[in-house]
Amino acid sequence: MHPCLTPDTLAGLRRPRPYPAVTVLLPTHRTGPEAAQDAVRLRGLVAEAEQRLRADPAVTGERRAEVMAALGRAVAEVDPARAEDGLALFAAPGEHQVWTLARPAPARVVLSDTFVTRNLVAAHAAEHPYWLLAVAADRVTLWDGRAADVTEHTADDFPLTRDLDDPDVERKERIGDVPSTFRSERTRGFLREAARAMGGILAVHPRPVYVAGEAAALSLLDELGMFTEGATPVPHGGLAGGTAARVRQAMVPLLAAREEAQLDTTLRDLDDALGHQRFAAGLDEVWRHAVEGRVRLLAVEDTYRATVREAGGHLVPAAADDLDAHEDIVDEVVEHALETGAGVRFVPPDALAGHGRIAAALRY
């Protein structure tokens, strides 16, 4: 996934552009023999994009060359070593972007006057991103967690480091005034600085926060008010200087507990909406309410996909090659919900088996 899918970034992707803006979507593979074929499939989609540009009478030769040059630059930036489950390339005259997705995307090429973002938005919503602040007396690191991946955030003043040597320690030892590491004013000031930096990031990129460190560090952060905004303490030392693999391992049980709690909360919210007759279930019904902006909370099974077409104001099954088919209608529903301010929660397979794999709590 791109480092940050902020509202401003998303608005920028959706803004109208001179025709054609090209979107190339592709399911990818992290490892295994299928991963070796991803580059071949991508070349095939790029060739399809060029063919369609050539066949489009609305696209001049000069404009086609500009778009294909931008698409070529996007392809050159694709890094197989960082592959996830899907890939989105955006290209228009003078601009290009590459996004990896934590959800599969249907293989397709779209020529339009804006970029297709629904797969990007759905993947972002399914990632359940979080921050992990790892604290030690001499180092504070910030980790960007998304689904099963975690990477160190090395911007916005992170990582913070300091020298533990106290130039005045000999005098303090003579008078018996050497405080413990986490009681010294220098440490308190150091962690205040970390808290301020974390606050600045949360103001722009709000998400759940975990704070890891030894008990004395967590106690001091609690005293400084670090946990007042709902941060979850993690009594685990050694992560401030640890590797991504070590951080990921430490977070596994916490993330599993969070997912279980979120599922329980989601199912209770849906039951409450059903009791108050503000409930919708099944793709056709939920889709109509999402388009109307009535959805307050959308719940979708994580692996649910459907290809449909509209007929008589309803959705009916369709083949992927139908001209008016919606190949990714579930992601369209997700995007409609997010655009109207609804919460979106992805749940495990069969969690909504009794509700047609997708359900919603309605505003009215």
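Residues numbered from 1 in each chain as written. Predicted model: local features only at pLDDT ≥ 70, side-chain atom pairs only at ≥ 80, totals over all residues. Heavy atoms only, no water.

**Regarding the pattern of salt bridges**
The full count for this structure, using the stated rule, is 24 salt bridges. Between Arg30 and Asp85 there is a salt bridge; the shortest N-O distance is 3.1 Å. Of this pair, Arg30 sits in the loop between β1 (21–27) and α2 (33–55) while Asp85 sits in the loop between α3 (61–77) and β2 (86–92); the two residues are 55 residues apart in sequence, bridging distant segments of the chain. Across the pair Glu185 and Arg188 runs a salt bridge, and its minimum N-O distance is 3.7 Å. In this pair, Glu185 and Arg188 are both assigned in helix α6 (residues 185–204), three residues apart and thus about one turn of the helix distant. Taking the relative accessible area as the measure of exposure, Arg188 reaches 15% and is therefore buried. (Salt bridge = Lys/Arg side-chain N within 4 Å of Asp/Glu carboxyl O. Helix = DSSP H or I, 4+ residues; strand = E, 2+ residues; numbered from the N terminus. Buried < 20%, exposed > 50% of the residue type's maximum accessible area, 1.4 Å probe, protein only.)

**Considerations on the packing of helix α9 (residues 283–291) against helix α10 (residues 329–339)**
One can describe the packing of α9 onto α10 by two numbers: an axis separation of 9 Å at closest approach and a directional angle of 35 degrees. Considering only the axes of α9 and α10, their crossing is left-handed. Residues Leu283, Val286, Trp287, Ala290 and Val291 of α9 pack against Ile329, Val330, Val333 and His336 of α10. Taken together, the residues that form the contact of α9 with α10 break down as eight nonpolar, one polar and no charged. (Axes fitted to C-alpha atoms, helices over the stretch in contact; angles between N-to-C directions. Left-handed = near helix turned anticlockwise from the far one by under 90°. Contact = heavy atoms within 4.5 Å. Nonpolar A, V, L, I, M, F, W, Y, C, P; charged D, E, K, R; others polar.)

**Examining the layout of surface pockets**
The space that makes up the largest pocket amounts to roughly 1300 Å³. In terms of lining, the largest pocket is formed by 49 residues, of which the most central are His124, Ala125, Glu127, His128 and Pro129. Among the secondary structure elements, those contributing two or more residues to the lining of the largest pocket are α1 (7–14), α4 (118–126), α8 (244–275), α10 and β15 (343–347). Per-element tally for the lining of the largest pocket: the top contributor is α8, with 11 residues. Along the lines of polarity and charge, the residues of the lining of the largest pocket split into 27 nonpolar, seven polar and 15 charged. (1 Å grid on protein atoms, 1.4 Å probe; cavity = no way out; pocket = protein on both sides within 12 Å on 5 of 7 lines; lining within 4 Å. Points joined across faces, edges and corners; volume = space filled by probe spheres on them.)

**Regarding the nonpolar core**
Counting 26 residues, the largest nonpolar core has Leu283, Leu298, Val300, Ile329, Val333 and Ile358 as the members making the most contacts within it. Sorting the residues of this core by element identifies α4, α9, β12 (295–301), α10, β15 and β16 (358–362) as the ones contributing at least two each. When residues of this core are assigned to their parent elements, the largest contribution, five residues, is made by α10. Discounting chain neighbours no more than four positions away, the residues touching Ile329 are Leu283, Trp287, Ala306, Val308 and Leu315. Residues Trp131, Leu133, Met198 and Ile201 belong to the second largest nonpolar core, which totals 22 residues. (Core = buried A, V, L, I, M, F, W, Y, C linked by side-chain atoms within 4.5 Å.)

**Examining the sheet that holds β12**
An order of β11-β16-β12-β15 is seen for the four strands of this open sheet, with the pairing classed as mixed. Taken across any chain shown, the strands that pair with only one partner, and hence form the sheet edges, are β11 (279–281) and β15. The sheet shows a mean angle of 15 degrees between the axes of neighbouring strands, direction not considered. Here β11 runs beside β16; their pairing, made up of three bridges, is antiparallel. Bridged to Phe279 within β16 is Ala361. On top of the sheet, α8 reaches β11, β12, β15 and β16; it is set at about 120 degrees to β15, its chief contact. (Pairing = 2+ DSSP bridges.)

**Points about the environment of Leu270**
As for its position among the elements, Leu270 is in helix α8. In this structure the C-alpha to C-alpha distance between Leu270 and Ala360, which are 90 residues apart in sequence, comes to 6.9 Å. In contact with Leu270, other than residues within four places in its own chain, are Phe279, Ala299, Leu352, Ala359, Ala360 and Ala361.

**With respect to the packing of α4 against α10**
Direction vectors running N to C along α4 and α10 enclose 75 degrees, while the axes themselves pass 9 Å from each other. The angle between α4 and α10 places the two elements in the roughly perpendicular class. Contacts between α4 and α10 involve Arg118, Asn119, Val121, Ala122 and Ala125 on the former and, on the latter, Asp331, Glu332, Val334, Glu335 and Leu338. Taken together, the residues of the contact of α4 with α10 sort by class into five nonpolar, one polar and four charged. (Parallel < 35°, antiparallel > 145°, perpendicular 65-115°, else oblique.)

**Digging into the packing of aromatic side chains**
Tallying each qualifying case throughout the model produces two aromatic pairs. A ring pair is formed by Phe90 and Phe115, whose centres lie 4.9 Å apart and whose planes are at 25 degrees; its orientation type is stacked. Within this pair, whereas Phe90 is found in strand β2, its partner Phe115 is found in the loop between β4 (108–112) and α4, the two being separated by 25 residues in sequence. On the basis of relative accessibility, which here comes to 1%, the residue Phe90 falls in the buried class. Stacked on the ring of Trp131, the Lys or Arg Arg207 has its end atom at 3.9 Å from the ring centre. (Phe/Tyr/Trp six-rings, centres within 6.5 Å; stacked < 30°, edge-to-face > 60°. Lys NZ or Arg CZ within 6 Å of the ring centre and 35° of its normal.)

**Observations concerning α9**
Every buried residue belonging to α9 is among Leu283, Val286, Trp287, His289 and Ala290, and all of these are buried. Immediately beyond the C-terminal end of α9, within one or two residues, lies Gly293, with a positive phi of roughly 75 degrees.

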